[in-house]
Amino acid sequence: MAGPSGEGRRAGAALAGRAGAAAGLALALAAVVAAASLLALRVPAEWAARTVEVVADLQAFETVARAEGRPLDDVLAVLGSAGVSGLGVGEVTPRRLVWSGETSLFPGAALRALAAQAGGLDPALAGLAAGPGFSRAHTYLLFDRRALAELAAAELCRQFSPCTLQALDGRWVLRVGAAVGRVADTGLGFWPPDLALARARGLRVVIRPRDRGQGAAELRDGLVRVLAGTVPGPVLFAGATIPAPGGDLGATAEVLRSLDLTLGAVARPDGRGHVAQAGLAGLVRLAEGRVVRVASAPLELLESVTPAALGDWWVAAARQHNARVIYVRPPEGPDPLGATVAALERLAHRQAAAGWPWGPARPLPAARPEPWQRLALAGGGLAIGLWLGRRRPLLSGHLGAAGLGLGLLAYAALDVALDGRRLLDWVALAGAVLVPVAAASALCQRWRRRLNRPEEAGAGGPPAVVTGLADVALFTAVWLGGALWLAAVTSDVALWLGSRTVPGTGPAGAVVRWSVTVAAVLALAAPAPGAGTTRLGSLAAASLRPLTLGAAVGALVAAGALGLGWWASERGAETLVPAVEALAGAPPRPVEALLAYPAIMLASWAARHRPAWLPWLAATAVLGPASVMADLLAGTVAVWWLLWRSWTGVVTGVALGAVAVLVAGNLTRNRGG
């Protein structure tokens, strides 16, 4: 039997190509619908939950008040005028009771030594130290008030043994069978004067209870008793473990839900000075919809930070890490209260300039993509990948259509068999590379057409600034669409709150991801197999020559290093960033403003005078959307804020690039072309 004719094969290939294109278009439209439905929930929720609350740590500022010899109420009044609206109240400890003069704390060995000295102790204490039940290894607390002694005994005797409370000549002595280091920082419950102080100042109370192994009913009753008559803020559990009655974190989440309380989860942007609490990530997942992130500057930072830098750290925590509660402790130095107020003023100024309001922290709603949305978003990503490789034989015709169908079937099967959210994470990881590459691909195709048309690349073509603006518009449109797709893929409250992360987003993964992105862009400058050599393909090979490579990379690195160095310097952070923020409402992203978009604008000049630079300018341009994708993968930056910063980055970068084009053109004319 005769095989199909050549014309029949061509017709079949054309039909398969049209079928594949139609399938890809359908998947793209489905992805648009899924992304729009998710972003319609995410963006308004992030906008509504952008209020930031400032909470001061009571114990830390009590120490400041004692050191400055002024009433604690005066210190809180100063903080309140600087924007503090909440008071972080921890459980009282024996050490704090000693500082406040409510008790005396003695190691057994020290008490025995004092008793041996003539007149070192009054007769009653000396008799206690010489008595039969005395131990040098125990700790002794001396109280003047019986109620306070009984409060301490109720907690300490539950945790330590032996433990006895006895009257001694009108006072009360609590003997605890543990070393003083263990006893001094043990939580004794919440002290009524602390709660009364918060009520008197009209501050929201952020309590910090510890895990005592209590049951659900006991945990609930304790919270009700402590918060009675107060305006409760988020509950911020203290200690190394989260309370889990009977080992069930779900019971803790149910207690918070029944009392309409919000959980505060400490965000650790750098992790320094913070100890991860056992069970916190699990409780965050179970309490989704009533969790806010809390930013607390690590102790190492507070040892040497300036007020401006501390204010900027708080700003970054709110904007880059979704922290909605700023937990304030004073920095070290000669004037900790003054430095704290200056840092709060810096925070208030920058937040007001960018439109971030003050107010009670509002939790983000529980949300994540549904199965049909996951499938549609994954299909859209697969269609983008096939579009990028549509000129390659293995990704066109019958094989392309078959690959599309098999890929979707495989994804659907794995989504059912595995955790759909985790599977979508890998789609997001691939998309974070594909989207910048797609934008660079569109840019390289435009440059290839321009280089192959001498009338456009030559002196008679449109002005370089005009062609640069057209390049910017195309490049931005492509990556912006991909960014909205990736924002929908990462629309998961667990990512927003940091209770889980996308695989491969650590430092090593970022290096691999960025390296693959840049290498793929440089490969795009090469001609497609069988397509014949283009001028851009020849230039890609020429740009790899050591001299050209050194000149191009050296110029880009020098310009970028100078700009980024100034931007990141302390002086730049204190002057340039707030100035731009006050002008535009949001500081531009430095990579976009100082590298990516100036490179695109400069490419319009380089196409006529330094064409060997074009592949490297494309590799520089792709760094802009790659940085946006990195923030979207992190999941903790609000979409509206990310795009606002990108917009100011585009405007700033285009302006700087236009200046660079005009300067380069003037230098070229002065040197005779």
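Residues numbered from 1 in each chain as written. Predicted model: local features only at pLDDT ≥ 70, side-chain atom pairs only at ≥ 80, totals over all residues. Heavy atoms only, no water.

Visitor: Describe the pattern of salt bridges, listing the residues and the values that go with them.
Guide: The full count for this structure, using the stated rule, is 20 salt bridges. As a salt-bridge pair, Arg42 and Glu46 come within 2.9 Å of each other at their nearest N and O atoms. In this pair, Arg42 and Glu46 both sit in helix 1 (residues 6-48), four residues apart, roughly one turn of the helix. We note that Arg42, like Glu46, is buried. Here Asp57 and Arg208 are joined by a salt bridge, their closest N and O atoms 3.8 Å apart. (Salt bridge = Lys/Arg side-chain N within 4 Å of Asp/Glu carboxyl O. Helix = DSSP H or I, 4+ residues; strand = E, 2+ residues; numbered from the N terminus. Buried < 20%, exposed > 50% of the residue type's maximum accessible area, 1.4 Å probe, protein only.)

Visitor: Please set out the confidence of the model for the protein chain residue by residue, giving values where relevant.
Guide: For the protein chain, the average pLDDT comes to 79, and 78% of its residues sit at 70 or higher. For residues 391-399, every residue scores under 50 in pLDDT, and the model assigns this stretch 14 contacts once sequence neighbours within four places are set aside. Note on residues 539-550: pLDDT is under 50 here. Beyond four places in sequence and across chains, it has 19 contacts. (pLDDT = per-residue confidence, 0-100. Contact = heavy atoms within 4.5 Å.)

Visitor: Quick rundown of the environment of Ala167? Include the residues and the values.
Guide: Mapped onto the fold, Ala167 is located in strand 5 (residues 163-168). The exposure class of Ala167 is exposed, given its relative accessible area of 59%. The sequence separation of Ala167 and Arg146 amounts to 21 residues, and the corresponding C-alpha distance is 9.0 Å.

Visitor: Account for helix 2 (residues 58-68), naming residues and giving values.
Guide: Among the residues of helix 2, Leu58, Ala60, Phe61, Glu62, Val64 and Ala65 are the ones counted as buried. Among the residues of helix 2, the N-terminal cap falls to Asp57, whose side-chain oxygen and the backbone nitrogen of Gln59 are separated by 3.5 Å. Positive phi appears at Gly69, one or two residues downstream of helix 2, with a value of about 65 degrees. (Polar contact = N/O pair within 3.5 Å; in protein donor to acceptor, adjacent residues only side chain to side chain.)

Visitor: Could you give an account of a nonpolar patch on the surface, with specific residues and numbers?
Guide: Side chains of Val659, Val663 and Leu667 sit close together on the surface and give an oily, nonpolar patch of about 250 Å² of accessible area. Inspection of the secondary structure assignment puts Val663 in helix 29 (residues 639-670). (Patch = residues over 30% accessible without salt bridge, like charges linked within 9 Å, V, L, I, M, F, W, Y side chains within 5 Å. Areas by Shrake-Rupley, 256 points an atom, 1.4 Å probe, with all protein chains shown as cover.)

Visitor: Describe the packing of helix 20 (residues 464-489) against helix 26 (residues 590-609), naming the residues involved and giving the relevant values.
Guide: Contact geometry for helix 20 and helix 26: axes closest at 9 Å, N-to-C directions at 130 degrees. Classed by the angle they form, the pair helix 20 and helix 26 counts as oblique. In this structure, helix 20 crosses over helix 26, and the sense of that crossing is right-handed. The residues of helix 26 that touch helix 20, namely those facing Ala464, Val465, Thr467, Gly468, Leu469, Asp471, Val472, Phe475, Thr476 and Trp479, are Glu592, Tyr597, Ile600, Met601, Ser604, Trp605 and Arg608. Of the residues that constitute the contact of helix 20 with helix 26, the class distribution is 10 nonpolar, four polar and three charged. (Axes fitted to C-alpha atoms, helices over the stretch in contact; angles between N-to-C directions. Parallel < 35°, antiparallel > 145°, perpendicular 65-115°, else oblique. Left-handed = near helix turned anticlockwise from the far one by under 90°. Nonpolar A, V, L, I, M, F, W, Y, C, P; charged D, E, K, R; others polar.)

Visitor: Please give an account of the sheet that holds strand 2 (residues 86-90) that cites residues and values.
Guide: Spatial ordering of the open sheet is given by 7-2-1-10-9-8, a layout of six strands whose pairing is parallel. The sheet is open, and its two borders are formed by strand 7 (204-208) and strand 8 (263-267), each paired with just one other strand. Geometrically, the sheet is characterised by an average inter-axis angle of 35 degrees between neighbouring strands, direction not taken into account. Here three bridges tie strand 1 (residues 53-57) to strand 2, and the two strands are oriented parallel to one another. Residue pairing across strands places Ala56 opposite Leu87, the latter belonging to strand 2. (Pairing = 2+ DSSP bridges.)

Visitor: Tell me about the pairing of strand 8, residues and numbers included.
Guide: Among the five residues of strand 8, four are classified as buried, and the element is accordingly described as predominantly covered. Both strand 8 and strand 9 (residues 291-296) contribute to a ladder of five bridges, which runs parallel. If you follow Leu263 over to strand 9, its bridge partner there is Val291.

Visitor: How would you sum up unusual backbone geometry? Please name residues and give values.
Guide: Cis rather than trans, the peptide bond between Ser161 and Pro162 has omega equal to 0 degrees. Here Pro162 shows up in the loop between helix 7 (146-159) and strand 5. We note that Asp169 has phi near 55 degrees; this positive angle belongs to a residue other than glycine. Here Asp169 lies in the loop between strand 5 and strand 6 (171-176). Exposure remark for Asp169: the relative accessible area of 65% places this residue in the exposed category. Phi is positive for Asp260, which is not a glycine, with a value near 55 degrees. With respect to the secondary-structure elements, Asp260 resides in the loop between helix 11 (249-258) and strand 8.

Visitor: I'd like a description of the sheet that holds strand 4 (residues 139-143), backed by residues and values.
Guide: Sheet architecture is open: four strands sit in the order 3-4-6-5, paired in antiparallel fashion. Only two strands of the sheet have a single neighbouring strand rather than two, namely strand 3 (103-107) and strand 5. Neighbour-to-neighbour, the strand axes of the sheet open up by a mean angle of 20 degrees, direction not taken into account. Here six bridges tie strand 5 to strand 6, and the two strands are oriented antiparallel to one another. Residue pairing for strand 6: Thr164 is matched across the bridge by Arg175. Relative to the sheet, helix 6 (residues 123-130) contacts strand 4, strand 5 and strand 6, its axis offset from that of strand 5 by approximately 145 degrees. Against the sheet, helix 7 engages strand 4, strand 5 and strand 6, with an angle of about 10 degrees to strand 6.

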